[in-house]
Amino acid sequence: MSRQRADSQGSLGPDDEVMPYSDDETDDELAVRNNFLTITFFFSEMGWKVKANDRPYHHLPEFQKKVFLCIKKSRYSGNAIKTYKYNVLTFLPLNLYEQFKRAANLYFLALLILQIIPDISTLPWYTTLIPLVVVLGITAIKDLVDDLARHRMDKEINNRKCEVLLDGRFQESKWRNIEVGDVVRLKKNDFIPADILLLSSSNPNSLCYVETAELDGETNLKFKMGLRVTDERLQEERQLAEFDALIECEEPNNRLDKFMGTMLWQRERYPLDLDNMLLRGCKVRNTEECHGLVIFAGADTKIMRNGGKTRFKRTKIDELMNYMVYTIFVLLILVAAGLAIGHTFWYEEIGSKAWYLYDAKGQDASYRGFLSFWGYIIVLNTMVPISLYVSVEVIRLGQSKFINWDLQMYFAEKDTPAKARTTTLNEQLGQIEYIFSDKTGTLTQNIMAFKKCTIAGRSYGPVDWSWNRHADRKFQFMDHSLVACVRSRKDKDATEFFKLLSLCHTVMVEHKDGDLVYQAASPDEGALVTAARNFGYVFLSRTQDTITIKEMDQESTYEMLALLDFNSDRKRMSIILKFPDGRIRLYCKGADTVIYERLSPNSRHKETTQDALDIFANETLRTLCLCYKDISTDEFEAWSRKHKDAQVAMSDRDAALDRVYEEIENNLMLIGATAIEDKLQDGVPETIAKLAKADIKIWVLTGDKKETAENIGYSCSLLSDDMQIHYGEDVNEKLRIRQANRRNEPSTFRPGKKKPAEPFFTEPGKNALIITGGWLNEILYEKKKKRRRLRLRRLGKRPQPTTPQDGQPMNDWEKEMRQIDFVNMACECEAVICCRVTPKQKANVVSLVKKYKKAVTLSIGDGANDVNMIKTADIGVGISGQEGMQAVMSSDYAFAQFCYLQRLLLVHGRWSYIRMCKFLRFFFFKNFAFTLVHFWYSFFSGYSSQVAYEDWFITLYNLCYSSLPVLLVGLLDQDVNDKLSLKFPKLYLPGQQGTLFNYRNFFISLFHGIFVSLIIFFIPYGAFLQTMGQDGEAPSDYQSFAVVTASSLIFTVNLQISLDTSYWTFVNCFAVLGSIAIYFGIMFDIHSAGIHVLFPSAFTFTGVASNALRQPYLWLTIILTVGISLLPVICIQFLHKTIWPSVGDKRNRKKYEMEEEEKKKPSAFQRGQRSRRSAYAFSHSRGYADLISSGRSIRRRPPALSLQVGVVTTNLSDVSL
């Protein structure tokens, strides 16, 4: 079955291979791209000027910017970075200010002030002060610890050492002291401290190799080159000290793939581009020494600009909890106002006429009612428990520690444990609906492996390499027949196959201590050359016009006549060689779609190779076709003249070269094809499948090419053959039709009018969306908007009202509807892959889903280009590994392998969500049950705002008597264990739906609290009414009543949490029994005569506990009260588990096991299916061909290098350079 797809080939839309514009790109930069004649306008507008070796220049008034009022500072940032929030002076005031921005803390501060006023106070001031100080103190300590960690990290980075040219000589200096315009010297393996213009290096022609893993997660090396003029004149320290060039360039921006500027030196102007720049975060490799000029420092560097804004992240439960606290505030005010009105009427009717209540204050009923209102605000303040917030912080801290301690998320190979870098988002991990993932280094290992090949129609697949002393021991290939075939040298096709792999490439080689180190423009090329080496065809060296290889221990040198490099349009590369015997041959490798069009009619094995390619594609391997062509001397000379003319063409040179290349790359003879595996990280397909069962949608956002990203989509089971794939043009057309319908029927689609969205895909079956960054801008109007603004500005016109005919949004509402349409379409798809997208676009896609779907999102990545996306999502996860730590430093959670994500979400996230919800439901219940006893008591106390309990019981209730059991439930409770959580991903659904904690649950807790408070008050009240104790004394005094109600409450809430506990441990049991024991121990102590003698005014319940609790009648009252309070709960829980069981109940597990067996599907990839998926294995950009042809990178070949036994050459992706 062939896969259906809506292709965008031949579209007039954006180029799928080109990275689109960034939002930080200026209109002037667009002008340069759109109109070459505006180049002078661009240079005149460049406002960033850097003078070499002249620090005072950058502090001139013209480079000052206003900071505050008349205070100014230089617009050039220093190189120190700052991520911390506090210092010694600002910690206390700033932290208190931030804490009092929380409504509850401010509320309790106001209560404390009210309690100081004698006429209003009904409770001692310490009942509020002690809990408030504890909460503020714990939160402040936590914030301080977090900020100290940030201080340490900043200090470590800022204090790194670097050599800076000061006073005519290089001196060691800290990174923080580097300034714009400084000349610095970097050595091998040094991190680059700022964005630096490369001036010279120890390599020929100032070539410098850098590793960009911190920026883009790619481990293959990239080369940078200094200008020829600086290379020739700036090698010595004295020359560098006299260097006084003026650099004019673009303002600081976040474009990692672009830089434009000029260097004015000795009255000559030289153009600068990204190839001349060393960016902060990269590492110098294979270059002993290089010199550079600091252009951007600190916060102005591209890596820091890509960080995006640090957003304060809050969980959905946090937001909901705040709304519920506001609801409680409203209820509190209404209840207090009602009781105050009651007190006003009571005083008029009864209180003012009772002589024994006369207090000689002369206050009328209304004023007394006003004071009663504030009194009840104080009495009922425990409806908003201050300990709630500190308990939540303790639970979150504990959950974070559990993540850190989880050995099943520990990656032993790199000694990397999982790390929760924040303690405030754990329960949000249980509510994720969308995951946005990078590809390179996140889903894949960025390691290519030569897996299979087909030669002359015969396929070979996955050998003991002991026969080849040059073999890479990590190389694995399972077909010994191919080895025998190559070693025998009888099969010409096999010989040509591996000879082509060793000759047709742009790999650079370095001889180091007798070893060969390959530097490839892409890991694919390195894998192919390594494969050739293992089969006995070892690439040794190259010069500007020769290539030397060792063919089965026989060294041969070939003259390179031409190198036809890869680009995204050609999708192939060729090399024309002159053999030692004088023959001229063209070797070519490329994507099957372009190679088959250029094959000779006489070429053999086309069908069998095609079948092999289909099989390779279905196994998600990256394929390349290999072919050759013999060329006569006359034919080559004629072609060579055209080639030289094209090389010196003044306009449209690339197109001219492509036309010349086409003339020679035809009538090719097919040799075979290679199949390379882009290695996924362990467990990626299984993780994606498991998360999909939990109804979590995964989108891949990557800067890779479309073909590469699509191929990985199949490898990791995100895409399958039964999906219909929609590309950019198809998506744009569907959105255009929807927009046209909206314009044609304005009455149906009006702003503010909500109408259910019609589906974009009406046909049955699965859909997938693959869209490039260029199409993304086209669809969301980003690119057109900038071009239109630029055009209008040039013409000096103001923007005209947009008409429907020009394809532009008529207003902001229409643009918003377009975005909503795109999000709705994407969310209808089973899989979404966005490729060739910028870091800004990654963040924008996440923002769109957050904004229009109100969904909880998670972003996961490994490089600096993922930082913006990680910060934008509700949860950011960084992959810590060989790709650098930039993403980890900006993340909320970090671990070493993508497969750990399923445990983070399905186990830790789910547990955290369930625990937090259960904790909050019970916490609200126990405080309603505790506080509303005052409400019922007020009906029998003249609404006088008198408390129903002893003062110390009110103070200690949430701190000591009821806090520990519910805290342990919030830390340790499990409805099912971790194995079952992973086995049944459907258990994750309640978190996404938010069913365990919402307003419905809140009001259930409220009514439950009302019911229990009613029972706790009225049963003891009835028992105390007209009773006589066994000693003839009436126990119906207020203090005994307070002890009985308090004791009943403590038993009830602690037994209630026992009923709600799903996972019992010794600690839980100890907490419940210990809380009850602590209550009685403290109560008997504060009711003792001894403490009353010491503090007579603070402890007034002398002897009450011992007197009341020796009465069996009162113990029976307590037992009856507790029993009636718990009986309805027991009945409801029984009915729920038998009639309406939840997905987590054990009763349902067998049913779910049967459903899982029924839903098991066959593998998405079946060898019998034909599938055309061209995933050519080339780099994302041009290779090293220009560099090689120019001869600028070529060293002299080391004299008489001997490769003896024990010498091992290593693929770039397998070596730590």
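Rules and cut-offs
Residues numbered from 1 in each chain as written. Predicted model: local features only at pLDDT ≥ 70, side-chain atom pairs only at ≥ 80, totals over all residues. Heavy atoms only, no water. Pairing = 2+ DSSP bridges. Helix = DSSP H or I, 4+ residues; strand = E, 2+ residues; numbered from the N terminus. Axes fitted to C-alpha atoms, helices over the stretch in contact; angles between N-to-C directions. UniProt positions renumbered as here; feature names shortened; annotations may be inferred. Contact = heavy atoms within 4.5 Å. Phe/Tyr/Trp six-rings, centres within 6.5 Å; stacked < 30°, edge-to-face > 60°. Buried < 20%, exposed > 50% of the residue type's maximum accessible area, 1.4 Å probe, protein only. Core = buried A, V, L, I, M, F, W, Y, C linked by side-chain atoms within 4.5 Å. Domains from an automatic or database assignment.

Time to look at the sheet that holds strand β12 (residues 260-265). Pairing is antiparallel in the open sheet, where four strands are placed in the order β2-β11-β12-β13. Every interior strand has two partners, whereas the edge strands, β2 (48-51) and β13 (268-273), have only one. Each adjacent strand pair in this sheet contributes to an overall mean axis angle of 20 degrees, direction not counted. As paired elements, strand β11 (residues 246-249) and β12 share four bridges and run antiparallel to each other.

With that settled, consider the UniProt feature "active site" (unreviewed entry) in the protein chain. Residues given the UniProt feature "active site" (unreviewed entry) here are Asp438. For aspartate 438, the location among the structural elements is in the loop between β18 (434-437) and β19 (444-455). Among all residues touching aspartate 438, those that are not within four sequence positions of it are Leu443, Leu701, Thr702, Lys842, Ile860, Gly861, Asp862, Asp866 and Met869.

Once that is clear, we can look at the packing of aromatic side chains. A full pass over the atoms with the stated rule returns 56 aromatic pairs. Ring centres 5.8 Å apart and planes at 10 degrees place the aromatic pair phenylalanine 1017 and tyrosine 1021 in the stacked group. On the criterion of helical spacing, the pair formed by phenylalanine 1017 and tyrosine 1021 is a turn pair, its members being four residues apart in helix α34 (residues 999-1024). Under the relative-accessibility criterion, phenylalanine 1017 is labelled buried at 0%. A connected cluster of aromatic rings, assembled from ring pairs, spans Phe935, Trp936, Tyr937, Phe939, Phe940, Tyr943, Phe1017, Phe1018, Tyr1021, Phe1024, Tyr1038 and Phe1041.

On to the pairing of strand β32 (residues 766-772), then. Of all seven residues in β32, six are buried, a share of seventy percent or more. Note: strand β31 (residues 723-726) against β32, four bridges, orientation parallel. Residue isoleucine 725 lies in a different strand from β32, and its bridge partner there is alanine 768. In the sheet, β32 pairs with strand β33 (residues 831-835) via five bridges, with the strands oriented parallel. Along β33, the bridge assignment pairs isoleucine 770 with isoleucine 833.

With 98 residues, the main nonpolar core has Phe919, Leu920, Phe924, Phe953 and Leu1049 as its most contacted residues. Among the elements that line this core, the one with the most residues is helix α29 (residues 900-938), at 17 residues. There are two domains that each give this core at least three residues, and those are domain 1 (76-157) and domain 3 (316-352 + 367-390 + 907-1136). Leaving out residues up to four positions away in the same chain, leucine 1049 has contacts with Ala929, Phe930, Tyr949, Phe953, Tyr957 and Ile1016. Membership of the second largest hydrophobic core comes to 56 residues, among which are Trp48, Tyr57, Trp175 and Val229.

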